[in-house]
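The primary structure of each chain is shown beneath.
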2 protein chains.
Amino acid sequence: MKKLLIIGGVAGGASAAARARRLNEEVEIIMFERGEYISFANCGLPYHIGGDIASRDALVLQTPQSFKARFNVDVRLFNEVVAIDKDAKTVTVKNLQSGEQYVESYDALVLSPGAAPVTPPIPGLQTPRTFSLRNLPDMDRIIASIKDNQPKHATVVGGGFIGLEMVEALRELGIAVTLLELSPQVMAPVDLEMANMVHQEIVDHGVDLRLNTGLAAVEQVEAGLQLSLNNGDSLNTELLISAIGVKPETKLAVDAGLAIGALGGIAVDDRMRTSDPAIYAVGDAIEEVDLITGEKALIPLAGPANRQGRIAANNIFGADEAYSKTQGTAICRVFSLAVASTGMNEKRLSRAGMAFEKIYVHPASHASYFPGAHPVSLKLLFNPVDGKILGAQAVGRDGIDKRIDVLAVAIRAGMTVFDLQQMELTYAPPFGSAKDVLNQAGFVAGNLINGEIRICHSDELEAPSADQVLLDVRNPGELAKLGTIGEAINIPVDQLRDRLDELPKDKEILIFCQVGLRGNVAYRMLANHGFRAKNLTGGFKTYQAVKAAF
Amino acid sequence: MKKLLIIGGVAGGASAAARARRLNEEVEIIMFERGEYISFANCGLPYHIGGDIASRDALVLQTPQSFKARFNVDVRLFNEVVAIDKDAKTVTVKNLQSGEQYVESYDALVLSPGAAPVTPPIPGLQTPRTFSLRNLPDMDRIIASIKDNQPKHATVVGGGFIGLEMVEALRELGIAVTLLELSPQVMAPVDLEMANMVHQEIVDHGVDLRLNTGLAAVEQVEAGLQLSLNNGDSLNTELLISAIGVKPETKLAVDAGLAIGALGGIAVDDRMRTSDPAIYAVGDAIEEVDLITGEKALIPLAGPANRQGRIAANNIFGADEAYSKTQGTAICRVFSLAVASTGMNEKRLSRAGMAFEKIYVHPASHASYFPGAHPVSLKLLFNPVDGKILGAQAVGRDGIDKRIDVLAVAIRAGMTVFDLQQMELTYAPPFGSAKDVLNQAGFVAGNLINGEIRICHSDELEAPSADQVLLDVRNPGELAKLGTIGEAINIPVDQLRDRLDELPKDKEILIFCQVGLRGNVAYRMLANHGFRAKNLTGGFKTYQAVKAAF
Ligand SMILES: Cc1cc2nc3c(=O)[nH]c(=O)nc-3n(C[C@H](O)[C@H](O)[C@H](O)COP(=O)(O)OP(=O)(O)OC[C@H]3O[C@@H](n4cnc5c(N)ncnc54)[C@H](O)[C@@H]3O)c2cc1C
Ligand SMILES: Cc1cc2nc3c(=O)[nH]c(=O)nc-3n(C[C@H](O)[C@H](O)[C@H](O)COP(=O)(O)OP(=O)(O)OC[C@H]3O[C@@H](n4cnc5c(N)ncnc54)[C@H](O)[C@@H]3O)c2cc1C
Ligand SMILES: CC(C)(COP(=O)(O)OP(=O)(O)OC[C@H]1O[C@@H](n2cnc3c(N)ncnc32)[C@H](O)[C@@H]1OP(=O)(O)O)[C@@H](O)C(=O)NCCC(=O)NCCS
Ligand SMILES: CC(C)(COP(=O)(O)OP(=O)(O)OC[C@H]1O[C@@H](n2cnc3c(N)ncnc32)[C@H](O)[C@@H]1OP(=O)(O)O)[C@@H](O)C(=O)NCCC(=O)NCCS
């Protein structure tokens, strides 16, 4: 191994270069970056626009100079690799400043070219006020446009995490924002009812949220842009951010004849090796393998890119290290909420035809009697027979990252909901609860598997059969304030034992309370008294999230 | 099962009662509580004294009335069980208000009597200004004493979590505080160098911290109390809190002839059953089994008590459910720091003669370029051969609970440091890093096991042999500000490759930087250039924590 070339100088590329140098002092390492920067914090870009990150410099972690000094890597900015000859083991490089082309040979090559924003074929989309956001120059252009044009209104297309972060950033600047999302929900990794809590937060922050709505055409008008939407509406705006997703940068790989996967990413084995043994690929450009389904997946996130870069370097220098399969753990801050997920969601489980059950809990992020506690709304998906955890989603103001991180590791370990029951987590009032959110989720799911409880979901309560009655076990004050469902009988749980005779023995009783906890008490009481019943999992709170229409 | 009696109405007892009722409507349940309250938040008591929890009512989660209404449990306050006759299956109960005694029979009995504050045999300790803190009346007495006497100075004896929370509470009230701790450190679950970070925080908050110092005698004087310390010093104070630990409440069990373990707790099997098949015991009163050593342990914490109460009820009503072994996960807030741990610490590993390695990292709690990031100082203990994680400790301002929770689950799953490398945790700038603290800890530990790095600890740098030289690879500015170690040569890591000739090839080079990261780069560079070297794990930051003297 005399010469290692790396294409792309950010998350995966810079990580591979740094690790390669730590493994070997002798090898010549050249890192090609067609842009102006290496090692920058893509993930921080929206937060500099919004102002959370005050200093632009903070976004650039390394420069060619610092990288040379520390890692003796020859970093070539504005140098785009335009072709790979895998037989000759050379790349052709174009110096974008001089226009010159030259050839470099390699013993090993790492591709970390990232992903490019998807630009949909929308008439008129390319305007001086239309932007996508991938790198520092993109960010600078957006900031300049805001400065120059002082837009009062901006439109973001796409409710993925970059779109949402841009919505927040623009609102922080006091700009009115419309968010267009073609699908029924933002944040595709979570299911609709969980996304609905995010929709509420978005709307509460004055954003004009338009779901099921696509951008059809863009026209430049005097005051800015006129947008035609796919529902016939039109909209005037002064700044347009396109954030409908990214697609792997595979042109080089395709041209070089490297294998491409079904999802359009560069195909690699678990050693990060492409179809050519001297070429490795990492990061947003590749396809990974899903931990649970074993199917291919695109996971354009920074953690995987960084860790894959390290593994590629390890394997180039003689290790035989596998990248673990992916579970797609992700999180996004949306104003004061966090929304996060790991593993499978319900949509994917259904599509895959896998058996699953789901429960919801909303316990407090830490002891409820200690200030600053907020509900953690958690959806847990698990195998209905053995309780193996398949996926989880959480939304809330506090402690969301913690619960999803723990569940990510639990899924990785193949744990079941019964393991959740026994988890021994940190508890003091400022940090958790004697029974943590995850213990509670384990209890609820375990009860279901053990047949101790039968549950129902919101749809069943919406349209009860003639054989069913609804029972709301909350207090009248809560009903008055929050409303109830259909023609529910109201008997507060703490009076239920004395009022059992008000309930029909020949009907199935669909119980609900605010979050499910009192419903569980009521269910057990009724079941032990010989009633047929079900408890609404997640209670009225989940019901409202399911039924919310945005 | 007709009649279930429960002794103790708080964490373990109330949990057992509530769960028992959910499992069975018919059984008669009587819960005896000798105190005035059931279901209260012991853990919140210090925070009400300090003012964080404003409302006293918030501390009482259930009353006998609410418990009757919801769970049909006959709660008897001020009723102390004074004897158990296990052959007759009866208990003798004393009504503390009327003085009457009576007998109740049982089919099953659950003991959850908790633990009592240890009162050391110190002459004069019992004074009207001396308090321990276990329940609401204790708290009320402390608050009343503060109100009545307006102490300017208070003394807390014992640096466990209750002592530390009381120190913080008293400081929040503006009272000068002396903390006496007989051992060299507060927070016994962590090792000394980690505790030293807490010591610094305590001192920084104006507390007169006296380690290695015991209370020898107490004398009432006009202005309050005069304390004689075991080092000959004396001290005037106006309020004395004794918090030197708790011991299982076993008098009833002992008198009844139930088996008691070697550590003084009630002996139970993993079904929570005592030596008598009709009697179960849970909570602070019992001995558990350590997950890693298999030895007995006392874990007087609320999470275990709550979960054991549920399991005892399950088993009484026909389940066959084992309580998992314990790993002693714990956390405490100390002013703006959190200190937490799970699994084995170094002291216990050494005592047990178990092989282990340890590394330290100090990465940021979330992306360092995003505001509000603080270092997470993590100590990881693991098997030096297979990398199995044995224990972890963390100190910092943010994200401590999250990392220890994840590690608690990783230990539970039998994971290794290589699993940490691959953990796929939530990352967006406000919540984590592309390479999380735990990934970094995994890299560092994995490098050690793979022989990619050799490390050293602070002691070795303190007294290098003639065959060793110290190399500080930080920048001169850092040295000027923070100091260095001994006669270290200073070559910043980014100049090292060009200045290798300044280093002796015939000596072992002990490298250090601020946290270990640059030291790792320097180590690899030197090793690859044929030098013999070691890197100080945790860097100067850990060194300072090790060497700090309080
Ligand atoms: C606004 C934004 C916010 C994000 N937020 C998060 C987040 O919160 N959490 C998270 O996990 N992830 C986030 N990401 C995603 C994360 O940044 C990427 O997953 C990660 O950077 C991918 O690393 P990579 O090395 O594959 O590609 P990149 O980091 O994109 O680097 C690829 C580099 O290769 C260069 N390049 C491409 N082709 C060539 C060529 N032929 N020759 C030379 N150079 C070339 C490109 O110019 C680019 O600089 C965010 C991304 C963006 C844009
Ligand atoms: C100030 C303080 C702070 C704490 N902070 C934390 C924390 O942050 N995190 C954490 O995990 N844990 C904490 N704990 C510990 C936690 O409260 C206990 O582990 C837990 O309450 C133990 O539950 P238990 O049911 O075993 O005992 P307890 O909750 O103590 O309940 C036992 C009850 O039994 C009654 N009783 C005893 N004997 C008899 C009898 N013979 N007849 C009738 N009644 C009897 C007692 O009066 C008592 O009310 C704290 C404790 C205190 C005191
Ligand atoms: C208040 C107290 C009696 C509660 O007992 P509990 O009813 O068993 O516990 P919780 O209120 O946490 O509820 C847990 C139950 O609700 C269920 N539950 C929780 N959230 C639910 C939801 N969203 N949907 C359905 N069920 C839910 C759980 O499954 C569990 O029921 P199960 O045991 O039948 O499976 C007891 O915890 C107590 O006394 N606590 C205060 C004392 C204390 O712990 N002190 C020390 C710490 S400060
Ligand atoms: C900056 C960058 C080049 C760093 O690469 P790197 O040196 O491999 O990574 P880090 O600085 O995180 O350091 C990790 C190394 O330090 C070691 N390390 C970390 N803390 C340590 C400590 N306390 N003691 C010893 N070693 C330590 C790790 O073991 C690892 O070394 P190894 O790979 O040899 O095992 C690369 O991460 C990058 O370009 N990042 C910015 C781009 C990006 O990720 N963008 C998307 C997210 S916003």
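Residues numbered from 1 in each chain as written. Chains lettered and ligands numbered in written order. Predicted model: local features only at pLDDT ≥ 70, side-chain atom pairs only at ≥ 80, totals over all residues. Heavy atoms only, no water.

A few points about the packing of aromatic side chains
Quick reminder of the rule: Put simply, two rings from Phe, Tyr or Trp (the six-membered ring, in Trp's case) pair if the centres are within 6.5 Å, and we call them stacked under 30 degrees between planes, edge-to-face over 60, tilted for the rest. Working definition: helices are DSSP H or I runs of at least four residues, strands are E runs of at least two. Numbering for both runs from the N terminus. Each ring is checked for a lysine NZ or an arginine CZ that lies within 6 Å of its centre and within 35 degrees of its normal; such an atom marks a charge sitting over the ring.
Applying the stated criterion across every chain yields a total of 6 aromatic pairs over all chains. Aromatic side chains Y47(A) and F370(B) sit 5.0 Å apart centroid to centroid with 85° between the ring planes, which places their arrangement in the edge-to-face category. A residue pair is termed interchain when its members come from two chains, as with Y47(A) in helix α2 (residues 45–50) and F370(B) in the loop between β23 (357–361) and β24 (376–382). Directly above the ring of F531(A) sits K505(A), whose terminal nitrogen or CZ lies 4.7 Å from the centroid. Note that R474(B) overlies the ring of F540(B), its terminal NZ or CZ placed 4.3 Å from the centroid.

Considerations on the sheet that holds strand β5 (residues 90–95) of chain A
Pairing between the strands of a sheet is mediated by backbone hydrogen bonds and can be parallel or antiparallel. Residue and element names in this part refer to chain A. For clarity, the cut-off: Strand pairing requires that DSSP identify at least two bridges connecting the strands. Helix axes are fitted only over the stretch in contact, all axes being lines through C-alpha atoms; the angle between N-to-C directions runs from 0 to 180 degrees.
Strand order in the open sheet formed by 3 strands is β4-β5-β6, and the pairing between neighbours is antiparallel. A single partner strand is all that each edge strand has here, and the edge strands are β4 (79–85) and β6 (101–105). Averaged over all pairs of adjacent strands, the angle between strand axes in this sheet comes to 30°, irrespective of strand direction. Two strands pair when backbone bridges link them, and β4 and β5 are joined in this way by 6 bridges, in the antiparallel orientation. Counterpart to V81 in the pairing with β5 is V93.

Digging into the sheet that holds strand β9 (residues 130–131) of chain B
Residue and element names in this part refer to chain B. Defined as follows: The contact criterion used throughout is that any non-hydrogen atoms of two residues lie within 4.5 Å.
Spatial ordering of the open sheet is given by β9-β16-β10-β11-β12, a layout of 5 strands whose pairing is parallel. Of all strands in the sheet, those bounded by a partner on one side alone are β9 and β12 (208–210). Seen against the sheet, helix α5 (residues 161–172) touches β10 (153–157), β11 (176–180) and β16 (239–242) and runs at an angle of roughly 165° to β11.

Concerning the site of ligand 2
For clarity, the threshold we go by: Residues are classed as near a molecule or strand on a simple rule: at least one heavy atom within 4 Å of it. Definition of a polar contact: a pair of N or O atoms within 3.5 Å, with one able to donate and the other able to accept a hydrogen when the atoms are protein atoms, and with sequence-neighbouring residues admitted only if both atoms are side-chain atoms. All accessible-area figures derive from a Shrake-Rupley calculation using a 1.4 Å probe, and residue coverage is judged against the displayed protein chains alone. The classification used treats Ala, Val, Leu, Ile, Met, Phe, Trp, Tyr, Cys and Pro as nonpolar, Asp, Glu, Lys and Arg as charged, and all other residues, Gly among them, as polar.
Every one of the 32 residues lining ligand 2 counts as a neighbour, but G12(B), E33(B), S112(B), R134(B) and D284(B) are closest to it. Within the backbone of Y427(A), a nitrogen or oxygen atom sits 2.9 Å from a nitrogen atom of ligand 2. For ligand 2, an oxygen atom lies 2.7 Å from a polar atom in the side chain of R134(B). Starting from 990 Å² of accessible surface for ligand 2 in isolation, the protein chains cover 96%. For the shell around ligand 2, the secondary-structure elements that each account for two or more residues are α1 (11–23), β4 (79–85), α5 and α8 (302–316) of chain B. Here the shell around ligand 2 is built from residues that sort into 19 nonpolar, 7 polar and 6 charged.

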